[in-house]
Each structure stands twice: as structure tokens, then as C-alpha cells.
Amino acid sequence: MTTHLTRDISKIAEALRFGQTVGIPTETVYGLAANALNEQAVASIFSIKGRPTSNPLILHFYNLEQARPYMEEFQEELYLLEQHFCPGPITFLVAKTPRVPEIITAGLPRVAVRFPSHPMLRTLLAELDFPLAAPSANKYGAVSPTQALQVKEQLNGLIPFVLDGGPCSFGLESTIVGVEGQKVVIYRLGSIPLDDISVVLGYIPEIKNQTSASPLAPGMVKFHYAPNTPLKYFDASVRAKEGIGYLFYQNIPDGFPHLQCTVLSQGGDLREVARNLYRSLIEMDAKGFQQLYIEKPEPMGIGLTLLDRLNRATAKFQ
Ligand code: AMP
Ligand code: MG
């Protein structure tokens, strides 16, 4: 089987109804989607990705109303965020009802739900009478694809179709939130910056994304989002050398050969850096460099999320 790119939403809906697993565009990264109520189809998501079944999946719905039967509650605090950011790149962790198959939540008591904003995905979700389970469309631990062709490059022959919805507008995974006590907690930094969430809430939510506080087995998520080529942070001591690739945010420093460099945002906009990061990492990874260097982001706004991802991506190579 070769994997085909298509813009035909009905064809994708049909494949999903048949229990097939397909690539889908979202505003964050591309997803590997299946009918969340078809346990065999969901099982194939794990096997295609090589993802441990102890790592739960996010459910995607058209809107909050569609998700109600799957959630025991949806707290006021979350409603406030839903009103502000949805449809959009934020995921809510809430108590599940028995309708949610155990395989989705890895036996955990809560389910992760999200209402994506990508227009083609919304059309698809509106056509379906089941939620989509969809993790990112990469092999486990690898960099998430942000365009259809990169899904095909990673999963060619393993899925029949990728719905081609163009490049992802955010380029980083969703922000995952839940409620503990009366307060919102952030379980994964993501495309919606912490600052934006704090403004809506009127307080800064606690971040519990450390491996130790994670619901997953310790150590599982420490190395993630990593290219095959060793990736390290750039600093002033790093010199230009043959066979080494460099990812800069805006300007290429003097003396660095442009052919070995990628600029993530000509205008120096961190959101554009976020949008281009994974695509550029995948591209640079394919160029056969012995080593890659990337600038370290300032921990402000979306930079905090970039730092989280890059700390994990570089952790393997320290
Ligand atoms: P991905 O689908 O690759 O974006 O990863 C989804 C992530 O969401 C998982 O790795 C978990 O960190 C988190 N998650 C999803 N569902 C749950 C759940 N039921 N309980 C706790 N965390 C969850
Ligand atoms: Mg992922």
C-alpha cells in the first residue's frame, strides 16, 4: 500500500467509517486519526506509531455539545477557557464516562478532549457520528509533522490516506489543561501560551508537566520530539564548521555558510518560529549533517512552549 495525499473529505470520512487509520490536518500538527469508538482501529494507531499503550490519546470533537456524553463534568474554569480559545489548540482533561473506551485513556479516570479549529478537520468532524482519536502523526518519539507530505514520509505504506490541509498554522501541539481543587492546572505547555491563559483566568496556573507529575510512567516523555541527527543548543562558543547544520531564529551570524543554515522567522516573530520549527527540524534532519545546533528561546510567551519542546528534543543528546 502506498499512502495517498487527498483533499477529498468525504473519502476520508468513508475510510474512517470503515475502521481505517488516516492522516488528518489540525491547526497544531498533523494527526493519525481513527474512530475512537472502534477499539481495533484505535489499537492500530498505537501499532502504526510504535506508541506504548500506556500513553493515552486525545479525542477530537466538532464542539463541546458533541463531547458531553463522554465527559462526567466540564468545570466552570474550563468553560471560561473553552469560550475564549475554542475551536482552537487547547485540550481539556476531564472525568470520563463509561462511553470512552479504556484503550483511549490507558485506563486512567480522565479523558482528554479537544475542539480543533482547522476548517477541513471541522468539516470532517461534522460529517462523522463518532469522535476521532488522534495523536500526532509521527513515529513514537520523533518530530511531529506539520505538513501532509511529511506524514507520508514518516508513515508511507502504513496508512491509506493523508487529508492534505496545507501547513499547520500553529505548528506545536495543543496546550493541555485540567482542574485540581478550584484551579486550572497546565499538564502540557502548547500552542496557546501560558500568558494568554493566565489573562483569561486572572491568575497564573500551576504547570505540572514534569515527568514525575505526569500520569505516564516515569521517563517516558523525557526524550521526545527528537530528530535523528544529534541536536544541541547553539551558544556564542559554537563555531561554523563543515558538516554541521544550524537553525537560527532570525539572523544568520557572520561567518556561517547560508547553505548549512535555516532561518525560522525572517521577521523575528516567535509564533512564526513555532510554526516553522518542526518542519525545519525534519528538513534539516534529512540533510545528512553530523550535528545540528538551534538557538535557545527566551522563556516568554510561546517561547516557553518552544523551550519545553527543545529541552526534550535535545535531552537525548546531552
Ligand atoms: P499527543 O496525542 O501525541 O499529542 O499526546 C497526547 C498527550 O496527552 C499524552 O501524551 C498525555 O500526556 C496527554 N493525555 C491524553 N489523554 C490523557 C489522559 N486521559 N490522562 C492524562 N493525560 C492524557
Ligand atoms: Mg505526539
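Anyway, here's the lowdown on the structure attached to this text. (Residues numbered from 1 in each chain as written. Chains lettered and ligands numbered in written order. Predicted model: local features only at pLDDT ≥ 70, side-chain atom pairs only at ≥ 80, totals over all residues. Heavy atoms only, no water.)

1. Let's talk about the side chain of Asp 308
- Note on placement: Asp 308 falls in helix α10 (residues 302-315).
- If we ignore the near neighbours within four places in the chain, the residues touching Asp 308 are Leu 189 and Asn 209. (Helix = DSSP H or I, 4+ residues; strand = E, 2+ residues; numbered from the N terminus. Contact = heavy atoms within 4.5 Å.)

2. Structural notes on the packing of helix α4 (residues 76-85) against helix α8 (residues 194-201)
- α8 packs onto α4 with a crossing angle of 120° between their chain directions and a minimal axis gap of 10 Å. Classified by the angle between their axes, α4 and α8 sit oblique to one another. Seen from above, α4 lies across α8 with right-handed handedness. Counted together, Glu 77, Leu 80, Leu 81, His 84 and Phe 85 of α4 and Asp 196, Ile 197, Val 200 and Leu 201 of α8 form the full contact between these two elements. (Axes fitted to C-alpha atoms, helices over the stretch in contact; angles between N-to-C directions. Parallel < 35°, antiparallel > 145°, perpendicular 65-115°, else oblique. Left-handed = near helix turned anticlockwise from the far one by under 90°.)

3. What to know about the packing of aromatic side chains
- With the rule as written, the count across this model stands at 11 aromatic pairs.
- A centroid spacing of 5.1 Å and a plane angle of 70° characterise the contact between Phe 74 and Phe 92, whose relative ring orientation is edge-to-face. Of the two residues, Phe 74 is situated in the loop between α3 (64-67) and α4 and Phe 92 in strand β5 (residues 90-95); the sequence distance between them amounts to 18 residues. Like Phe 74, the residue Phe 92 is buried in the burial classification.
- On the basis of an interplanar angle of 90° and a centroid distance of 6.4 Å, the ring pair of Phe 234 and Tyr 246 is categorised as edge-to-face. Taken together, the positions of Phe 234 in the loop between β12 (231-233) and β13 (244-248) and Tyr 246 in strand β13 put the pair 12 residues apart, joining distant regions of the chain.
- Residue Phe 234 is classed as buried on the basis of its relative accessible area of 18%.
- The structure contains a cluster of three or more aromatic residues connected by ring pairs, namely Phe 234, Tyr 246, Phe 248, Phe 256 and Tyr 293.
- Positioned above the aromatic ring of Tyr 70 is the side chain of Arg 99, whose terminal nitrogen or guanidinium carbon lies 5.6 Å from the ring centre.
- The residue whose ring lies beneath Lys 183 is Tyr 203, and the NZ or CZ to ring-centre distance is 4.3 Å. (Phe/Tyr/Trp six-rings, centres within 6.5 Å; stacked < 30°, edge-to-face > 60°. Buried < 20%, exposed > 50% of the residue type's maximum accessible area, 1.4 Å probe, protein only. Lys NZ or Arg CZ within 6 Å of the ring centre and 35° of its normal.)

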